[in-house]
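# Notes for the structure review
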Amino acid sequence: MTDAAELRRRTKELLAAQPPATTGRLDFLRARFDAGLAWVHFPQGLGGLDAPRSLQAVVDAELEAAGAPDNDPRRIGIGLGMAAPTILRYGTEEQKQRFLRPLWTGEEVWCQLFSEPGAGSDLAALGTRAVREGDHWVVNGQKVWTSSAHLARWAILIARTDPDVPKHRGITYFVCDMTDPGVEVRPLRQITGEAEFNEVFLTDVRIPDSRRLGGIGDGWRVAQTTLNNERVAIGGMRLPREGGMIGPVCRTWRERPELRTHDLHQRLLKLWVEAEVARLTGERLRQQLVAGQPGPEGAGMKLAFARLNQEISGLEVELRGEEGLLYDDWTMRRPELVDFTGRDAGYRYLRSKGNSIEGGTSEVLLNIVAERVLGLPAEPRTDKDVAWKDLSR
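Residues numbered from 1 in each chain as written. Predicted model: local features only at pLDDT ≥ 70, side-chain atom pairs only at ≥ 80, totals over all residues. Heavy atoms only, no water.

## Quick notes on the side chain of Thr-23
Heads up, the rule is: Secondary structure counts use DSSP, requiring at least four H or I residues in a row for a helix and at least two E residues in a row for a strand, with both numbered from the N terminus. For this analysis, a polar contact is any N or O atom pair within 3.5 Å, provided that within protein one partner can donate a hydrogen and the other can accept it, and provided that sequence-adjacent residues contribute only side-chain to side-chain pairs.
Summarising the element assignment, Thr-23 is placed in the loop between helix 1 (4–17) and helix 2 (25–34). A polar contact is formed between the side chain of Thr-23 and the backbone oxygen of Pro-19, at a distance of 2.8 Å.

## Notes on the state of the cysteines
Note the following rule: Defined by distance alone, a disulfide is two cysteine sulfur atoms within 2.5 Å.
Counted by the stated rule, this structure contains zero disulfides. Of the cysteine sulfurs around Cys-111, a residue in no disulfide, the closest is that of Cys-176, at 7.8 Å.

## Thoughts on helix 7 (residues 246–255)
The periodicity of an α-helix, 3.6 residues per turn, causes residues three or four positions apart to be oriented the same way. Using the following cut-off: Buried residues are those whose accessible area, probed at 1.4 Å on protein chains only, stays under 20% of the maximum for their type, while exposed residues exceed 50% and partly exposed ones sit between those limits.
Burial analysis of helix 7 places seven of its ten residues in the buried class, the great majority of the element. Where helix 7 is concerned, the buried positions are Ile-246, Gly-247, Pro-248, Val-249, Cys-250, Thr-252 and Trp-253.

## A word on the pattern of salt bridges
Short version of the rule: The salt bridge definition used is simple: a Lys or Arg side-chain nitrogen within 4 Å of an Asp or Glu carboxyl oxygen.
The tally for this structure, following the rule as stated, stands at 44 salt bridges. With a shortest N-O distance of 3.0 Å, Arg-101 and Asp-34 are connected by a salt bridge. On the criterion of sequence distance, the pair formed by Arg-101 in helix 5 (residues 93–105) and Asp-34 in helix 2 is long-range, its members being 67 residues apart. In this structure, the salt-bridge partner of Arg-320 is Glu-323, at a minimum N-O distance of 3.6 Å. Several salt bridges converge on common partners, so that one network encompasses Arg-256, Glu-258, Glu-316, Arg-320, Glu-323 and Arg-348.

## Some words on the packing of helix 4 (residues 77–90) against helix 5
We apply this condition: Angles run from 0 to 180 degrees between N-to-C directions of axes, and those axes are lines fitted to C-alpha atoms, restricted for helices to the stretch in contact. Oblique is the label for any angle not under 35 degrees, not over 145, and not in the 65 to 115 range, which are roughly parallel, roughly antiparallel and roughly perpendicular in turn. Whether a crossing is left-handed or right-handed is set by the direction in which the near helix is turned from the far one by less than a right angle, anticlockwise for left-handed and clockwise for right-handed. It only takes one pair of heavy atoms within 4.5 Å for two residues to be counted as in contact. Basically, the charged four are Asp, Glu, Lys and Arg, the nonpolar ten are Ala, Val, Leu, Ile, Met, Phe, Trp, Tyr, Cys and Pro, and anything else, Gly included, counts as polar.
Look at helix 4 against helix 5: their axes get within 10 Å of each other, and the N-to-C directions meet at 165°. Considering their axes alone, helix 4 and helix 5 lie roughly antiparallel with respect to each other. Here helix 4 and helix 5 pass one another in a crossing that is left-handed. Seen from helix 4, the contacting residues are Gly-79, Leu-80, Ala-83, Ala-84, Ile-87, Leu-88 and Tyr-90; seen from helix 5, they are Gln-95, Lys-96, Phe-99, Leu-100, Leu-103 and Trp-104. Among the residues forming the contact of helix 4 with helix 5, the class breakdown is ten nonpolar, two polar and one charged.

## What about the packing of aromatic side chains?
The condition is simple: Ring pairs shown here join Phe, Tyr and Trp side chains whose ring centres sit within 6.5 Å, with only the six-membered ring taken for Trp; geometry is labelled stacked below 30 degrees between planes, edge-to-face above 60, and tilted in between.
Counted under the stated rule, the structure contains nine aromatic pairs. Centre to centre, the rings of Phe-33 and Trp-104 are 6.4 Å apart; their planes meet at 45°, and the pair counts as tilted. One end of the pair, Phe-33, is in helix 2; the other, Trp-104, is in helix 5, and 71 residues separate them in sequence. Just as Phe-33 is buried, Trp-104 falls in that class too. Ring centres 5.4 Å apart and planes at 85° place the aromatic pair Phe-99 and Trp-110 in the edge-to-face group.

## What about the environment of Asp-122?
Relative to the helices and strands, Asp-122 is located in the loop between strand 1 (110–113) and strand 2 (129–133). Looking at Asp-122, the relative accessible area reads 35%, which means it is partly exposed. Considered as a pair, Asp-122 and Leu-202 are 80 residues apart in the sequence and their alpha carbons are 20 Å apart. Among residues more than four places away in sequence, those in contact with Asp-122 are Lys-167 and Asp-383. There is a polar contact of 3.0 Å between the side chain of Asp-122 and the side chain of Lys-167.

## Examining the pairing of strand 5 (residues 171–177)
Just so we agree on the cut-off: Strand pairing is assigned whenever DSSP identifies at least 2 bridges connecting the two strands.
Buried residues dominate strand 5, accounting for seven of its seven residues. Burial along strand 5 is two-sided: Ile-171, Tyr-173, Val-175 and Asp-177 facing one way and Thr-172, Phe-174 and Cys-176 facing the other are all buried. When strand 4 (residues 154–160) meets strand 5, the two strands line up antiparallel, connected through seven bridges. Considered in strand 5, the bridge of Ile-156 is made with Val-175. The sheet contact formed by strand 5 and strand 8 (residues 212–213) spans two bridges and is antiparallel. Of the residues in strand 8, the one forming a bridge with Phe-174 is Arg-212.

## Thoughts on the side chain of Gln-56
Tracing the backbone through its elements, the reader meets Gln-56 in helix 3 (residues 56–65). Residues contacting Gln-56, with those up to four places away along its chain left out, are Arg-32, Leu-37, Ala-38, Trp-39 and Val-40.

## Notes on the environment of Glu-274
Its place among the elements puts Glu-274 in helix 8 (residues 262–289). Classification of Glu-274 as partly exposed rests on a relative accessible area of 21%. Along the backbone, Glu-274 and Phe-28 are 246 residues apart, and their C-alpha atoms lie at a distance of 39 Å. The residues touching Glu-274, leaving out its near neighbours within four places in the chain, are Arg-307 and Leu-308. A distance of 2.8 Å separates the side chain of Glu-274 from the side chain of Lys-270, its partner in a polar contact.

## Re a nonpolar patch on the surface
Rules: A patch is a set of surface residues, each over 30% in relative accessible area and not in a salt bridge, joined within 9 Å for like charges and within 5 Å for the nonpolar side chains Val, Leu, Ile, Met, Phe, Trp and Tyr. Using the Shrake-Rupley algorithm and a 1.4 Å probe, accessible areas are obtained, with residue cover drawn only from the displayed protein chains.
A surface patch of nonpolar side chains, amounting to about 280 Å² of accessible area, comprises Val-373, Leu-374 and Leu-376. Classification of Val-373 as partly exposed rests on a relative accessible area of 42%.

## Comments concerning unusual backbone geometry
A positive phi angle is found at Asp-72, which is not glycine, with a value near 55°. Positionally, Asp-72 belongs in the loop between helix 3 and helix 4. For Asp-72, a relative accessible area of 26% puts it in the partly exposed group. The phi dihedral of Trp-145 falls on the positive side, at around 60°, and the residue is not glycine. Note on placement: Trp-145 falls in the loop between strand 3 (136–143) and strand 4.

Here it is in structure tokens:
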């Protein structure tokens, strides 16, 4: 059993063999992965040591103290938080060996081809088709709201492979090469002026059957692993006290006493407490993950994340008064990551509007919490046993 002392020893060996001051960033990250110190709870040979997940903090603390580079997790969050756990659970050994190392080091960026113009909240209604031709699948369709598609080498993709069965049963899960012929990425400009999202058009894209994850027609079950991890990744990120959206508001409150009013004070206190409750709940969720797979609790955390971001950013704009109406830059950009705290109050206010849509709408997540966490009766669903081809669209 690998314990904390053993992990500290292995980390010191890594630092001695690959001194961060004289080792290239990518070389260090590759060596860290090969030493099993990337994600210690993963299997040996795949960046881990079969150690308890909770011990990752031991490695991270040692490396941070030594000034070692990280893998820029915000830039590759889709790969780390969504693709990797899905590949680990459903991928073949060959797929794990091929994809996990460059995914973790950031050499290959990933995106998610799930949502469609007619299948967002009702994702299982998706219409992108994959038709088998020998050892390949020919894919045609359109995906939307795809973060990082303009940067990605690989995508996790779900497509309909059998229209003659009910919608949840005719889906298959693939890994799509974003550089293949027939993959077209178009920017979607947002209310912030940026285009971090994209729409992706797939025209006769040929995907080898060797890049299928899970069984044919079993894509919905595989996708649940991705979606559960996505909600945890969005809503359960580790933050220090006054981290995230609440931090800039608190700094403004302390530094600009002339902006204070009694009403704003009461609202700020309420939101500060709620942000701290959400942060501690996230810590508890991560502790629960040590014992197994993420469950529907991640939906609750993602709900809280969206609501708090929108309320806090609204309070910040109001606190700043006329200054809050200013906006720093409407330039059309295609950023590599979303930086909520690196821009001004106007950006935070506008960008947070997307938090209740991305990663599952708040309305859908409320249903998940009601049915799977609270055990309330499910909503009537008259289309569950109807073949997809017979659904009205």
